[in-house]
Amino acid sequence: MTNPQSLPRTVRKMHLDDIAKVLVVERDAFTMPWSEQAFLNELGKNPFATYQVIETHGQIVGYGGMWIVMYEAHITNFAIHSSFRGHSFGKELFQAMLDEAVKYGVKKVTLEVRVSNHRAQKLYQHFGFVKTGLEVGYYTDTNEDAYVMTLEM
Ligand SMILES: CC(C)(COP(=O)(O)OP(=O)(O)OC[C@H]1O[C@@H](n2cnc3c(N)ncnc32)[C@H](O)[C@@H]1OP(=O)(O)O)[C@@H](O)C(=O)NCCC(=O)NCCS
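Given the structure is predicted, the values throughout are model-derived calculations rather than measurements. Numbering of residues starts from 1 in each chain and follows the order in which that chain's sequence is written. Confidence filtering applies because this is a predicted model: local features only for residues at pLDDT of at least 70, side-chain atom pairs given and counted only at 80 or more, and all residues used for totals across whole chains, interfaces and linings. Heavy atoms throughout the structure, all of them, feed into the side-chain values; hydrogens and water do not.

Describing the nonpolar core
Then step 1. Take the buried Ala, Val, Leu, Ile, Met, Phe, Trp, Tyr and Cys residues and link them wherever side-chain atoms come within 4.5 Å; each set so joined is a nonpolar core. Each residue gets one of three labels from its accessible area relative to the maximum for its type: buried under 20%, exposed over 50%, partly exposed in between, using a 1.4 Å probe on protein chains only. Counting residues in hydrophobic clusters, the biggest one holds 26 residues, and the most contacted among them are Ile 75, Phe 78, Phe 94, Val 109, Leu 111, Tyr 124 and Phe 129.
Then step 2. At the level of elements, β3 (59–69), β4 (72–80), α3 (89–103), β5 (108–114), α4 (118–126) and β7 (144–152) are the ones that each hand at least two residues to this core.
Then step 3. In terms of residues, this core owes the most to one element, α3, which gives six residues.
Then step 4. Only heavy atoms matter for contacts: two residues are in contact if any of them lie within 4.5 Å across the pair. The contact partners of Phe 78, leaving out residues within four places of it in the chain, are Phe 30, Tyr 63, Gly 64, Gly 90, Leu 93, Phe 94, Met 97, Leu 123 and Tyr 124. For helices the rule is a DSSP run of H or I covering at least 4 residues; for strands it is a run of E covering at least 2, with both sets numbered from the N terminus onward.

A word on the UniProt feature "domain: N-acetyltransferase" (unreviewed entry) in the chain
Then step 1. UniProt positions are given in the numbering used here, feature names are shortened, and annotations may be inferred rather than shown by experiment. UniProt's feature table lists "domain: N-acetyltransferase" (unreviewed entry) at residues 9–153, given in the numbering used throughout.
Then step 2. Overall, residues 9–153 shows 31% helix and 40% strand. The separation of its end C-alpha atoms is 26 Å.

A short note on the site of the ligand
Then step 1. If you check the shell around the ligand, you find 20 residues, and the closest are Phe 78, Ile 80, Gly 90, Lys 91 and Asn 117.
Then step 2. In protein, a polar contact requires one atom able to donate a hydrogen and another able to accept it; more generally it is a pair of N or O atoms within 3.5 Å, and residues adjacent in sequence count only if both atoms are side-chain atoms. Phe 78 places a polar main-chain atom, nitrogen or oxygen, 2.7 Å from a nitrogen atom of the ligand.
Then step 3. Where accessible areas are quoted, they stem from the Shrake-Rupley method and a 1.4 Å probe; at the residue level, only the protein chains shown are allowed to cover. Taken by itself the ligand offers 940 Å² of open surface, and the protein chains cover 75% of this.
Then step 4. When residues of the shell around the ligand are traced back to their parent elements, those giving at least two are β4, α3, β5 and α4.
Then step 5. For this scheme, ten residues count as nonpolar: Ala, Val, Leu, Ile, Met, Phe, Trp, Tyr, Cys and Pro. Four count as charged, namely Asp, Glu, Lys and Arg, and the remainder, Gly too, count as polar. Taken together, the residues of the shell around the ligand sort by class into ten nonpolar, five polar and five charged. The nearness test applies per residue and asks whether one of its heavy atoms lies within 4 Å of the molecule or strand.

Observations regarding the packing of helix α1 (residues 19–29) against helix α2 (residues 36–45)
Then step 1. Geometry is summarised by axes, namely lines fitted to C-alpha atoms with helices restricted to the contacting stretch, and by angles between N-to-C directions that run from 0 to 180 degrees. At a minimum axis separation of 10 Å, α1 and α2 run at an interaxial angle of 125°. Our classification of the angle between α1 and α2 gives oblique. Remark: the crossing between α1 and α2 carries right-handed chirality. Residue-level contacts link Ile 19, Val 22, Leu 23 and Glu 26 of α1 to Glu 36, Phe 39, Leu 40 and Leu 43 of α2.
Then step 2. Of the residues belonging to the contact of α1 with α2, the class tally is six nonpolar, no polar and two charged. Here is the rule for angles: anything less than 35 degrees is roughly parallel, anything more than 145 is roughly antiparallel, 65 through 115 is roughly perpendicular, and the remaining ranges are oblique. The crossing is said to be left-handed when, going from far helix to near helix, the turn is anticlockwise and less than a right angle, and right-handed when the turn is clockwise.

Points about the pairing of β4
Then step 1. Following DSSP output, two strands are said to pair if at least two bridges run between them. One ladder, built from eight bridges, connects β3 with β4; its direction is antiparallel. Along β4, the bridge assignment pairs Tyr 63 with Ala 79.
Then step 2. Joining the antiparallel neighbours β3 and β4 is a turn of two residues, in which Met 70 adopts a positive phi near 55°.
Then step 3. Relative to β5, β4 is paired through three bridges, and the arrangement is parallel. By the bridge assignment for β5, Ala 73 is matched with Val 109.

Focus: the packing of aromatic side chains
Then step 1. Here a Phe, Tyr or Trp ring, Trp counted by its six-membered ring, pairs with any other such ring whose centre lies within 6.5 Å, and the pair is stacked when the planes are under 30 degrees apart, edge-to-face when over 60, and tilted otherwise. Tallied over the full model, the rule gives eleven aromatic pairs.
Then step 2. Centroid distance Phe 84 to Phe 89: 6.2 Å. Interplanar angle 75°. Geometry classified as edge-to-face. Just as Phe 84 is buried, Phe 89 falls in that class too.
Then step 3. An aromatic cluster is present here, built from Phe 78, Phe 94, Tyr 124, Phe 127 and Phe 129 joined pairwise through their rings.
Then step 4. Sitting over the ring of Tyr 139, Arg 114 keeps its end group 4.2 Å from the ring centre. Should the NZ of a Lys or the CZ of an Arg lie within 6 Å of a ring centre and within 35 degrees of the ring normal, that charge is described as sitting over the ring.

Here's what the structure looks like:
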């Protein structure tokens, strides 16, 4: 069996010229993908936003981002390309995102996740997140509810 850690991995800040490759992951991972313009706004215009990518052999296989305002961070987006899931890229990237939040003095991290997305929920619970709320009909494509999950650092 392949060791899930055997592929090399590097986490670094996302740059504007990464967007085309990030969009490949975004469109693979989500039914309502963000547009190129959304990423351009986040990286170029939003002073509260911070985004990271994870690479293997120079290929971007995932990315994640958050808004940090005062002592709170809100995860806006987080995905690993389906061809690279189950190799701990998600955990490693998410750990790097939490480390980044700590550098900014963040005390609390929140996110929304589809109630059907058990895989992501399990990952978040691994990092200590707990379910603290329910947003009814949060996802407009299917009207699915979202759990709000929170980590008190
Ligand atoms: C959620 C996601 C980022 C996880 O990425 P990943 O690289 O596969 O995650 P990892 O390999 O690091 O696994 C992390 C944990 O996820 C869970 N997990 C992984 N594969 C799983 C599976 N097939 N079934 C259930 N849980 C699974 C486990 O808790 C695992 O930890 P463990 O290996 O200690 O058991 C990825 O599935 C994804 O991009 N999904 C689509 C986008 C998405 O849902 N983003 C989150 C929006 S809120």
